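Here are the chains, one letter per residue:
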Amino acid sequence: MRKRLEALLRQHDGPLTQDLVLEPGRFDLGRVPARLAPDATTSMVCGYCSTGCALTVHLKNGVAVNLTPSRGYPVNRGMACPKGWEALVPLRAADRATTPLMRNARGRLEPIDWDRAMRVFVQRLRRVQERWGPGSVAFLSTGQIVSEEMALLGALAKFGMGMVHGDGNTRQCMATAVTAYKESFGFDAPPYSYRDLEESDVVVLVGSNLCIAHPILWERLQRNRHRPEIVVIDPRKTETANAATAHYAIKPKSDLVFFTGLLNVLIEKGWIDEAFLRAHTAGFAALAAHAAQFPVERVAEATGLGVEQIVALARTIARGRRVSFWWTMGVNQSHEGVRTAQAIINLALCTGNIGRPGTGANSITGQCNAMGSRLWSNTTNLFGGRSFTDERDRADVARILDIPVDKIPAQPSLAYDQILEGILARKIRALWIIGTNPAHSWINQADFHDILGRLDFLVVQDMYSSTETAQHAHLVLPAAAWGEKEGTFINSERRVGVVRPVARAPGQALSDFRIFQLVAESWGCGAMFARWRSPEAVFAMLRELSRGRPCDITGIADYAMLDECGGVQWPHRDDAPSPPESERRLFADGRFFFADGKARLIFEAPRPPPEATDARYPFLLSSGRGSSSQWHTQTRTSKSPVLRRLHPQQIYVEINPADARRLGIAPNDWVRVVSRRAALQARAFVTHAIAAGQVFVPMHYAETNRLTFPAFDPYSRQPAYKACAVAIEKLATQPT
Ligand code: SF4
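Reading guide: rules and limits
- Residues numbered from 1 in each chain as written.
- Predicted model: local features only at pLDDT ≥ 70, side-chain atom pairs only at ≥ 80, totals over all residues.
- Heavy atoms only, no water.
- Salt bridge = Lys/Arg side-chain N within 4 Å of Asp/Glu carboxyl O.
- Helix = DSSP H or I, 4+ residues; strand = E, 2+ residues; numbered from the N terminus.
- Buried < 20%, exposed > 50% of the residue type's maximum accessible area, 1.4 Å probe, protein only.
- Pairing = 2+ DSSP bridges.
- Axes fitted to C-alpha atoms, helices over the stretch in contact; angles between N-to-C directions.
- Expected span 1.5 Å × (residues − 1).
- Parallel < 35°, antiparallel > 145°, perpendicular 65-115°, else oblique.
- Left-handed = near helix turned anticlockwise from the far one by under 90°.
- Contact = heavy atoms within 4.5 Å.
- Nonpolar A, V, L, I, M, F, W, Y, C, P; charged D, E, K, R; others polar.
- Core = buried A, V, L, I, M, F, W, Y, C linked by side-chain atoms within 4.5 Å.
- Near = heavy atom within 4 Å.
- Polar contact = N/O pair within 3.5 Å; in protein donor to acceptor, adjacent residues only side chain to side chain.
- Right-handed = clockwise from strand over helix to strand, strands pointing away.
- Phe/Tyr/Trp six-rings, centres within 6.5 Å; stacked < 30°, edge-to-face > 60°.
- Lys NZ or Arg CZ within 6 Å of the ring centre and 35° of its normal.

### Some details on the pattern of salt bridges
Point 1. In total, this model carries 39 salt bridges according to the counting rule given.
Point 2. Arginine 77 serves as the salt-bridge partner of glutamate 583, at 3.1 Å between the closest nitrogen and oxygen. Placement of the pair is glutamate 583 in the loop between strand S19 (568–569) and strand S20 (599–600) and arginine 77 in the loop between strand S3 (63–69) and helix H3 (82–85), with a sequence separation of 506 residues.
Point 3. On the basis of relative accessible area, arginine 77 is assigned to the partly exposed category, the value being 27%.
Point 4. Close ionic contact of lysine 485 with glutamate 149 constitutes a salt bridge, the shortest N to O distance being 2.8 Å. Placement of the pair is lysine 485 in the loop between strand S16 (475–478) and strand S17 (487–490) and glutamate 149 in helix H5 (residues 147–160), with a sequence separation of 336 residues. Neither lysine 485 nor glutamate 149 differs from the other in exposure class; each is buried.
Point 5. Salt bridges sharing common partners tie together Arg195, Asp196, Glu199, Glu581 and Arg585.

### Remarks on unusual backbone geometry
Point 1. Cis geometry is found at the peptide bond from tryptophan 570 to proline 571, where omega equals 0 degrees.
Point 2. Within the fold, proline 571 resides in the loop between S19 and S20.
Point 3. Note that the residue after serine 578, namely proline 579, is joined by a cis bond; omega there is 0 degrees.
Point 4. Residue placement: proline 579 occurs in the loop between S19 and S20.
Point 5. Notably, arginine 77 is not glycine yet its phi reads approximately 50 degrees, a positive angle.
Point 6. Positive phi, close to 60 degrees, is recorded for asparagine 444, a residue that is not glycine.

### A short note on the sheet that holds strand S2 (residues 54–60)
Point 1. The sheet built from 3 strands is open, its strands ordered S1-S2-S3 with antiparallel pairing. At either margin of the open sheet sits one strand with a lone partner, and together these are strand S1 (41–45) and S3. The average angle at which neighbouring strand axes cross in this sheet is 30 degrees, direction not considered.
Point 2. Summarising the sheet, S2 and S3 pair through 6 bridges and their orientation is antiparallel. When the bridges of S3 are listed, valine 57 appears paired with leucine 67.

### Brief notes about helix H24 (residues 535–546)
Point 1. Helix length check: H24 (12 residues) gives 16 Å between terminal C-alpha atoms against 16 Å at 1.5 Å per residue, within 8%.
Point 2. What H24 keeps buried is the set Pro535, Ala537, Val538, Phe539, Met541, Leu542, Arg543, Leu545 and Ser546.
Point 3. Just downstream of H24 lies glycine 548, where phi reads positive at about 80 degrees.

### Here's the deal with the packing of helix H4 (residues 114–132) against helix H23 (residues 512–523)
Point 1. For the pair H4 and H23, interaxial distance at closest approach is 10 Å and the crossing angle is 60 degrees. Looking at the two axes, H4 sits oblique to H23. The element H4 and its partner H23 pack so that their crossing is right-handed. Residues Trp114, Met118, Phe121, Val122, Leu125, Arg126 and Gln129 of H4 touch H23, and the partners they reach there are Ile515, Leu518, Val519, Ser522 and Trp523.
Point 2. Looking at the contact of H4 with H23 residue by residue, the classes come out as 9 nonpolar, 2 polar and 1 charged.

### Observations regarding the nonpolar core
Point 1. Ranked by size, the top nonpolar core spans 130 residues in total, and within it Phe121 and Trp432 carry the most contacts.
Point 2. Leu36, Met44, Val146 and Leu210 belong to the second-largest nonpolar core, a separate cluster that totals 47 residues.

### Concerning the site of the ligand
Point 1. Neighbouring residues of the ligand: Cys46, Tyr48, Cys49, Thr51, Gly52, Cys53, Ala80, Cys81, Lys83, Gly84 and Ile216.
Point 2. Partitioned by chemical class, the residues of the shell around the ligand number 7 nonpolar, 3 polar and 1 charged.

### Some remarks on the environment of serine 373
Point 1. Within the fold, serine 373 resides in helix H18 (residues 370–376).
Point 2. It is 6.0 Å that separates the C-alpha atoms of serine 373 and glycine 143, two residues lying 230 residues apart in sequence.
Point 3. When near neighbours in sequence (up to four residues on either side) are disregarded, serine 373 contacts Met150 and Thr170.
Point 4. A polar contact is formed between the side chain of serine 373 and the side chain of threonine 170, at a distance of 3.2 Å.

### Considering the pairing of strand S7 (residues 165–168)
Walk down a regular strand and you will see the side chains alternate between the two sheet faces.
Point 1. Residue alternation in S7 divides its side chains into two sets, His165 and Asp167 and Gly166 and Gly168, and both sets are buried.
Point 2. The parallel pair strand S6 (residues 137–141) and S7 is bridged by H5, and the resulting crossover is right-handed.

### Examining the side chain of lysine 253
Point 1. Along the chain, lysine 253 falls in the loop between strand S10 (246–248) and helix H11 (255–268).
Point 2. In terms of polar contacts, lysine 253 uses its side chain to reach the backbone carbonyl oxygen of glycine 330, at 3.2 Å.
Point 3. If we ignore the near neighbours within four places in the chain, the residues touching lysine 253 are Gly330, Ser334, His335, Glu336, Pro609, Lys722 and Ala723.

### Some points on the packing of aromatic side chains
Point 1. Scanning the model with the defined rule gives 21 aromatic pairs in all.
Point 2. Ring plane angle 10 degrees and centroid distance 4.1 Å describe the contact between tyrosine 416 and tryptophan 442, whose orientation is recorded as stacked. Placement of the pair is tyrosine 416 in helix H20 (residues 416–424) and tryptophan 442 in the loop between helix H21 (438–441) and helix H22 (445–453), with a sequence separation of 26 residues.
Point 3. Using a relative accessible area of 0% as the deciding quantity, one classes tyrosine 416 as buried.
Point 4. You can call tryptophan 442 buried: its relative accessible area is 4%.
Point 5. Among the aromatic residues, those joined into a cluster by ring pairs are Tyr181, Phe185, Phe187, Trp327, Trp570, Phe587, Phe592 and Phe593.
Point 6. The side chain of arginine 429 reaches across the aromatic face of tryptophan 132, ending 3.6 Å from its centre.
Point 7. Its guanidinium or amino end placed over the ring of tyrosine 48, arginine 636 lies 4.2 Å from that ring's centre, counting from NZ or CZ.

### A few points about the environment of arginine 108
Point 1. Locating arginine 108 in the fold gives a position in the loop between strand S4 (101–103) and strand S5 (109–111).
Point 2. Take arginine 108: its relative accessible area is 54%, and that puts it in the exposed class.
Point 3. Sequence spacing of arginine 108 and glutamine 471 is 363 residues, and the spatial spacing of their C-alpha atoms is 9.4 Å.
Point 4. Here arginine 108 is in contact with Met102 and Arg103, once residues within four sequence places are set aside.

### So, the packing of H20 against H22
Point 1. At a minimum axis distance of 9 Å, the contact between H20 and H22 shows a crossing angle of 55 degrees. For the element pair H20 / H22, the angle class is oblique. Here the hand of the crossing between H20 and H22 comes out left-handed. Here Leu420, Ile423 and Leu424 of H20 come into contact with H22, specifically with Phe448, Asp450 and Ile451.

### Structural notes on the side chain of aspartate 167
Point 1. Along the chain, aspartate 167 falls in strand S7.
Point 2. A distance of 2.7 Å separates the side chain of aspartate 167 from the backbone nitrogen of tyrosine 416, its partner in a polar contact.
Point 3. With near-sequence residues (within four places) excluded, aspartate 167 lies in contact with Phe139, Leu140, Ser141, Thr379, Thr380, Leu414, Ala415, Tyr416 and Ile419.

Here's what the structure looks like:
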């Protein structure tokens, strides 16, 4: 096998192959791929968030020394947030995984070579499958790797290795929007382009702290010349709410009531677009009857707003000629996120605010390639938004990929939380985690750590061996990072953009793509993936998988075209004019992705939040992004001294001054935040940004999710991070 692996490792794109002869422990940015000139500049999409800015990397003597935001790119137009400016720094971190690691008899991770790593990987997973069945091994992937890697992993795991269950960390951020769009539009299709932010006269931001979470989109909004009303709907007075023209501080988790009642006002006042509804939607009569149960007085009581405020917002929407609705995690991470997202979609449909410039029901994605994972990860959906349960879809994919159709599972994967339940029930015995750190980010950490401990075998594939999740692994596979490999991302506005290698991965780390190829070879199913020889070869296959689908990208010839065009939004069919218009939106013709072309108006009665406050736990805790300089579990952003200086080093909790006074808490005091599951200690940040009875802790600290309550939206299975009951106590002794 060793010879076969070596041959495979030496077969493809030079730079990563050369890594195998480097000493483990190189921490400098290695020389760049031979195909780039030593003093070249090259542009690539940023590897953090879904905005999808392009960064121009400057090389000197073959080493990436600096970067600047790309001026000509239609997304960021010469801008970047602090994470983007510092994007090269995490590549040099001292705790990069540089060699495979295996846990020894003393419980320590020790270096091994790739040959042994692959033998252990195959033997241990096969042993589990032979004893407990193919479905007893599952994988959890990420929205941080390129589409080509996601596709290879999804095909390898499900078609090659016989796994049935695999999911990704996009379940934590985007599953709700996916389900909402599919049910309402007939396909998971965010309809907008970022230009809509510049063309609206009313911009409604829901559960979105755009200034902090998507700062370049906030900059795009500042370029709007129509003096737009900027309406923020959020329980917190966030930085975005402070800068808005109106802030509606609704009570936590009253959003579904609020949007249903808002629609009722619009209907009662006759401020809806009846012609559009008749021509392009189905289900209005039932929706109107449902909304009528939410008179404005009831909504005022549920949300804590005044009747006049609610009517005023309805009037603002009615008067707007181009109204756009944007939402992020405040909606998605909810026990009823799908129906809340659909209530926002219903507002856009009922007022005819879709398919025109400056309009739309627009979900902003989280991770750099969450959108790629929605189409190409082959986890919950079969490739290209198809269904595993549909016989024709399976036959279609088998034909395009030239694989036996019986290799494609006929059942969909369990969702993330259900995979974890499967581990608890001992039905799933081994797990392969790729590029994500759930031992920090998953809801209710106490349970999660217990669950990891029950696995017979845990493989973690990551660029760092130091993550909380890697510390639990039996086997660590060292992966190349963004900037060390090639492929494509899809950003929030459906723009496919290119990622390029500008540095060599340290030591023996390999691109995820190469690791998946090694696994295929080692597993004995390499022949099935003979055509999957490089990321660009896989991109050509994704093109074919997209043919005739709403996400058709058959008109994108190759990576070079993506470079020349500044990325290309899907769809771009091969019979469409080329190059395509740079910024396009969907549904200009009013046709949605159902056979009758009509969008569905979907609704449901609101449900109470899953964990109520009481006398012992009287505060509602919300979590979210703390600053633009922090990314998720901080595995990368913590490596930059510059970024570290841009946010508080110590965990803090926002508390309202009235609550702080009552509890004798002064600014900066240390307090305990206690939920029914665990407690953490944090500095008190006494601020009017948070309403009385609520507190907020940034999600970037490992302690935060020890507190959160494991509730899930029943349709999207997305965790509800935004509301759990806690108590606050001032520490008797203040740590120095
Ligand atoms: Fe990167 Fe997002 Fe920052 Fe743009 S806004 S530079 S994509 S992290």
